[in-house]
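What follows is the residue order along each chain.
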Amino acid sequence: MLIGKVALITGASRGIGRAIALKFASLGADVAVVYGGTRASALEVAGIARQYGVRAEVFQCDVSDFASAGKTVAAVREALGTIDILVNNAGITKDGLVVGMREEAFDSVLDVNLKGAFNMIRHTSPIFIRKRAGRIINIASVVGLIGNAGQANYAASKAGLIGLTKSVARELAPRGVCCNAIAPGFIETDMTRHLGENNALLQSIPLGRTGRPEEVAELAAFLAQDAAAYITGEVIRIDGGLGM
Ligand code: NAP
């Protein structure tokens, strides 16, 4: 259970982040639903979360902006008292072959997916260090482990996020803070909707199907709870076997 814990989840307005926020709320956590642009969706998530009897507030934040991340962490603390769990889930794709990739497509994906996680960790880690407790869960991707043609920027950001995870895990372990990464495969969200019923893709997944956001949320919930207190610096694939 997560009763009495406060969880900040970025990109919680949609997809995997939404599922994580609702799973955490169902386990008793107060949730900070952090969104980029879709306020109405974030408000809806917070409304559903409150039905579990927890506190849930929405916060607008561009995670790629260091100052915006700092203001958001301060605002969450002000509204919910503290932060016990940080889930770095906000992410974007701008796919294309490297031979034609625009500089902006590379920079913006790195800024959101990798620097965004750094920004949030940078601003929350002083809270965790003071408490001598805390959980950081970074949503990476199987693509960060095995690469993917057409996703050089995205794969680089997620591989970087895995390096960030392990370094932060080493730095904060003496302070009782655990930092882990989840590496999902193809999960049914807005991000992957354009892939449609791609049979070649499904054939490449040993379990023969795509995953659901709720399945990733179950894993995030495990990493956030006491049962996972001895796990840090780990990268757990949830990909139907795609990356093995
Ligand atoms: P999604 O449905 O496209 O949702 C993305 C979320 O990120 C939205 O809540 C969006 O907020 C937020 N976001 C985007 N840019 C932001 C910014 N600059 N600042 C703050 N928030 C921002 O994506 P998803 O499929 O759930 O993916 C969630 C995470 O899982 C991502 O890190 C993604 O890379 C990773 N992942 C996904 C898959 C997959 O197959 N879906 C596989 C592996 C890894 P707004 O809507 O408010 O703009």
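To be clear, the structure that these remarks concern was listed above.
Residues numbered from 1 in each chain as written. Predicted model: local features only at pLDDT ≥ 70, side-chain atom pairs only at ≥ 80, totals over all residues. Heavy atoms only, no water.

Draft legend 1. A look at the overall build of the protein chain. A tally of helices and strands in the protein chain yields 8 helices and 7 strands. In terms of overall size, the protein chain behaves like a compact globule, its C-alpha atoms giving a radius of gyration of 17 Å where 244 residues would be expected to give roughly 18 Å. Across its three principal axes, the protein chain shows a C-alpha extent of roughly 45 × 35 × 35 Å. Considering the protein chain as a whole, with its 244 residues, one finds that 50% of them fall into the buried category. Taking all contacts inside the protein chain whose residues are at least 6 apart in sequence as the whole, residues at least 24 apart take part in 74%. Total accessible area computed for the protein chain in this model is approximately 11,100 Å², and 53% of it derives from carbon and sulfur atoms. Computed over 25 positive and 22 negative side-chain charges, the separation of the two mean positions in the protein chain equals 6 Å. (Helix = DSSP H or I, 4+ residues; strand = E, 2+ residues; numbered from the N terminus. Rg over C-alpha atoms; globule rule 2.2 N^0.38 Å. Buried < 20%, exposed > 50% of the residue type's maximum accessible area, 1.4 Å probe, protein only. Contact = heavy atoms within 4.5 Å. Areas by Shrake-Rupley, 256 points an atom, 1.4 Å probe, with all protein chains shown as cover. Lys, Arg positive; Asp, Glu negative; His and termini not counted. Charge placed at Lys NZ, Arg CZ, Asp CG, Glu CD.)

Draft legend 2. A nonpolar patch on the surface, seen in detail. On the surface, a nonpolar cluster with roughly 360 Å² of combined accessible area is contributed by Leu97, Val98 and Val99. Within the secondary structure layout, Val98 lies in the loop between strand S4 (85-88) and helix H4 (103-131). Of the residues examined, Val98 reaches a relative accessible area of 63% and is grouped as exposed. (Patch = residues over 30% accessible without salt bridge, like charges linked within 9 Å, V, L, I, M, F, W, Y side chains within 5 Å. Salt bridge = Lys/Arg side-chain N within 4 Å of Asp/Glu carboxyl O.)

Draft legend 3. Highlighting the pattern of salt bridges. One pass over the full model with this rule turns up 11 salt bridges. Among the salt bridges present, the one from Lys94 reaches Glu104, with a minimum N-O distance of 2.8 Å. Of this pair, Lys94 sits in the loop between S4 and H4 while Glu104 sits in helix H4, placing them 10 residues apart in sequence. Under the relative-accessibility criterion, Lys94 is labelled partly exposed at 29%. Salt-bridge contacts for Glu214 lead to Arg212; the nearest nitrogen and oxygen are separated by 3.9 Å. According to the relative accessible area criterion, Arg212 is partly exposed, its value standing at 39%. Shared partners join several salt bridges into a network, and the residues in it are Arg209, Arg212, Glu214 and Glu215.

Draft legend 4. A look at the site of the ligand. Lining the immediate surroundings of the ligand are 31 residues, of which Ser13, Arg14, Asn89, Tyr154 and Thr189 lie closest. Within the backbone of Asn89, one N or O atom sits 2.7 Å away from an oxygen atom of the ligand. If the ligand stood free it would expose 900 Å²; the protein chains cover 92% of that surface. Elements represented by at least two residues in the shell around the ligand include exactly helix H1 (15-26) and helix H6 (152-172). Along the lines of polarity and charge, the residues of the shell around the ligand split into 15 nonpolar, 12 polar and 4 charged. (Near = heavy atom within 4 Å. Polar contact = N/O pair within 3.5 Å; in protein donor to acceptor, adjacent residues only side chain to side chain. Nonpolar A, V, L, I, M, F, W, Y, C, P; charged D, E, K, R; others polar.)

Draft legend 5. How the structure looks around the sheet that holds strand S3 (residues 56-60). Within the open sheet, the 7 strands sit side by side as S3-S2-S1-S4-S5-S6-S7. Their pairing is parallel. One side of each edge strand has no neighbouring strand; the edge strands of this open sheet are S3 and strand S7 (235-238). Averaged over neighbouring strand pairs, the angle between their axes works out to 20 degrees when direction is ignored. Sheet contacts for helix H2 (residues 39-50): strand S2 (30-35) and S3; angle to S3, the most-contacted strand, approximately 165 degrees. (Pairing = 2+ DSSP bridges. Axes fitted to C-alpha atoms, helices over the stretch in contact; angles between N-to-C directions.)

Draft legend 6. Examining the packing of aromatic side chains more closely. Under the counting rule described, the total for this entry stands at 1 aromatic pair. Here the aromatic rings of Phe66 and Phe118 are separated by 6.4 Å at their centres, their planes lie at 20 degrees, and the arrangement is stacked. Linking Phe66 in helix H3 (residues 66-80) with Phe118 in helix H4, this pair joins segments that are 52 residues apart in sequence. The class for Phe118 is partly exposed, based on a relative accessible area of 37%. (Phe/Tyr/Trp six-rings, centres within 6.5 Å; stacked < 30°, edge-to-face > 60°.)

Draft legend 7. Molecular detail of the side chain of Arg135. Here Arg135 lies in strand S5 (residues 134-139). It is Asp226 that comes nearest to the buried, bridge-free Arg135 among opposite-charge side chains, at 4.6 Å. A distance of 3.3 Å separates the side chain of Arg135 from the backbone oxygen of Ala224, its partner in a polar contact. Separated by 2.6 Å, the side chain of Arg135 and the backbone oxygen of Gln225 make a polar contact. Those residues in contact with Arg135 that lie beyond four places of it in its chain are Asp84, Ile85, Leu86, Phe128, Cys178, Leu223, Ala224, Gln225, Asp226, Ala228 and Ala229.

Draft legend 8. Structural view of the packing of H1 against H2. In contact at an axis separation of 9 Å, H1 and H2 are set at 20 degrees when each is read in the N-to-C sense. Classified by the angle their axes make, H1 and H2 are roughly parallel. Seen along the crossing, H1 lies across H2 with a hand that is right-handed. Facing H1, whose interface residues are Arg18, Ala21, Leu22 and Ala25, H2 presents Glu44, Val45, Ile48 and Ala49. Grouping the constituent residues of the contact of H1 with H2 by class yields 6 nonpolar, no polar and 2 charged. (Parallel < 35°, antiparallel > 145°, perpendicular 65-115°, else oblique. Left-handed = near helix turned anticlockwise from the far one by under 90°.)

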